[in-house]
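Residues per chain, in single letters:
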Amino acid sequence: LFQEWWNLYPRREGSKSRAYELWKKVTSKDITVSDLLEATRKFQKSQLANDKKFIPHATTWLGQRRWETVQELANIKTTKNNLAG
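Residues numbered from 1 in each chain as written. Predicted model: local features only at pLDDT ≥ 70, side-chain atom pairs only at ≥ 80, totals over all residues. Heavy atoms only, no water.

Chemist: Looking at this model, I keep getting lost on the overall build of the chain. Mind explaining?
Modeler: Scanning the chain from terminus to terminus reveals six helices and zero strands. For the chain, the proportion of contacts with a sequence separation of at least 24, taken over those separated by at least 6, is 69%. Approximately 5,700 Å² of the chain is accessible, and the part contributed by carbon and sulfur atoms is 49%. (Helix = DSSP H or I, 4+ residues; strand = E, 2+ residues; numbered from the N terminus. Contact = heavy atoms within 4.5 Å. Areas by Shrake-Rupley, 256 points an atom, 1.4 Å probe, with all protein chains shown as cover.)

Chemist: What is the right way to look at unusual backbone geometry in this model?
Modeler: Across residues other than glycine, the phi torsion is negative in most instances, and most of the peptide bonds are trans. Despite not being glycine, Arg-65 has its phi angle at roughly 55°, a positive value. Within the secondary structure, Arg-65 sits in the loop between α4 (58–63) and α5 (70–75). Exposure remark for Arg-65: the relative accessible area of 31% places this residue in the partly exposed category. (Buried < 20%, exposed > 50% of the residue type's maximum accessible area, 1.4 Å probe, protein only.)

Chemist: Could you clarify how one ought to interpret helix α3 (residues 33–46) in this entry?
Modeler: For the α-helix, the turn length of 3.6 residues means that residues three or four positions removed from each other point alike. Compared with an ideal rise of 1.5 Å per residue, which puts 14 residues at 20 Å, α3 spans 20 Å between its outermost C-alpha atoms and is within 8% of the ideal. Those residues of α3 lying buried are Leu-36, Leu-37, Ala-39, Thr-40 and Phe-43. For α3, the buried positions fall inside an angular range of 165° around the axis, keeping them on one side. (Expected span 1.5 Å × (residues − 1). Arc of directions from axis to C-beta.)

Chemist: How do you make sense of the packing of aromatic side chains when you look at a structure like this?
Modeler: Given two aromatic rings, one states the distance between the centres and the angle between the planes to describe the pair. For the coordinates displayed, the defined rule picks out ten aromatic pairs. Between Phe-2 and Trp-5, the aromatic rings sit 5.9 Å apart at their centres with planes inclined by 35°, giving tilted as the arrangement. With Phe-2 and Trp-5 both in helix α1 (residues 2–8), this residue pair falls three residues apart, about one helical turn. Look at Phe-2 and you get buried, because its relative accessible area is 8%. With a relative accessible area of 0%, Trp-5 lands in the buried category. (Phe/Tyr/Trp six-rings, centres within 6.5 Å; stacked < 30°, edge-to-face > 60°.)

This is the structure we're talking about:
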């Protein structure tokens, strides 16, 4: 299941083994695997227009529990007009 999550995450640079350790930790006590996969799908869709350098590494995303704010990101559509005001 980790490999499925890893393939889904939009930026796979960084340590895959460290991401696996964090994934095991969070899925054992903080979030179910299915909920994490769903949050990652939403996150992936919210990042389609972003430059990859602005997408956090998988280890950062897991370690900082960023899946908790994915719904907020999914509701915001970032465009140049929104950024410019």
